[in-house]
Amino acid sequence: MSTFGIVLFLLIGGMAFWMLLFLMGFVLPYWITLGLFEQLRPKRVLDEEEK
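Given the structure is predicted, the values throughout are model-derived calculations rather than measurements.

Novice: Just checking my understanding: could you explain the overall build of the protein chain for this structure?
Specialist: Counting secondary structure elements, the protein chain contains 1 helix and 0 strands. For the protein chain, with 51 residues in total, the buried portion stands at 0%. Carbon and sulfur atoms make up 74% of the accessible area of the protein chain, which amounts to about 5,600 Å² in all.

This is how it looks when you write it as structure tokens:
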């Protein structure tokens, strides 16, 4: 039974590792890039407010 616990622990730890790797490698740079483009986009003063 302890072997099952160790395997389950390693499986969950491995899934967490790959999820963090995915987030740091793809989602975080994508999010930062979108934020930078949003900041660099010129603001329109006379446009109506979005509803």
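Still to come is the rest of the account.
Novice: Help me out: how do you make sense of the packing of aromatic side chains in this one?
Specialist: Here a ring pair, both rings aromatic, is described through the centre-centre distance and the interplanar angle of the planes. The full count for this structure, using the stated rule, is 3 aromatic pairs. Ring geometry for Phe17 against Trp18: centres 5.2 Å apart, planes inclined by 70°, an arrangement best described as edge-to-face. Each member of the aromatic cluster is reached from another via a ring pair, and the members are Phe22, Phe26 and Tyr30.

Novice: How do you make sense of the pattern of salt bridges when you look at a structure like this?
Specialist: One side chain can pair with another of opposite charge once the charged atoms of both are near each other. One pass over the structure, following the stated rule, counts 1 salt bridge. A salt bridge links Glu38 to Arg41; the nearest nitrogen and oxygen atoms lie 2.8 Å apart.

Novice: Explain helix α1 (residues 2–40) here, please?
Specialist: Structurally, the α-helix is built with 3.6 residues per turn, so residues lying three or four positions apart point the same way. Taking 1.5 Å per residue as the helical rise, α1 with its 39 residues ought to reach 57 Å, and the 55 Å between its terminal C-alpha atoms agrees with that figure. Largest kink in α1: about 40°, centred on Leu23.

Novice: Help me understand a nonpolar patch on the surface, please; the structure alone is not making it clear to me.
Specialist: The grouping of Met19, Leu20, Phe22, Leu23, Phe26, Val27, Tyr30 and Leu34 at the surface amounts to a nonpolar patch, some 770 Å² of accessible area in total. Of note, Tyr30 is situated in helix α1.

What counts and how
Residues numbered from 1 in each chain as written. Predicted model: local features only at pLDDT ≥ 70, side-chain atom pairs only at ≥ 80, totals over all residues. Heavy atoms only, no water. Helix = DSSP H or I, 4+ residues; strand = E, 2+ residues; numbered from the N terminus. Buried < 20%, exposed > 50% of the residue type's maximum accessible area, 1.4 Å probe, protein only. Areas by Shrake-Rupley, 256 points an atom, 1.4 Å probe, with all protein chains shown as cover. Phe/Tyr/Trp six-rings, centres within 6.5 Å; stacked < 30°, edge-to-face > 60°. Salt bridge = Lys/Arg side-chain N within 4 Å of Asp/Glu carboxyl O. Expected span 1.5 Å × (residues − 1). Bend = angle between axes of the 7 residues up to and from the residue. Patch = residues over 30% accessible without salt bridge, like charges linked within 9 Å, V, L, I, M, F, W, Y side chains within 5 Å.

Take it as geometry only, folks, not as evidence of what the structure does.
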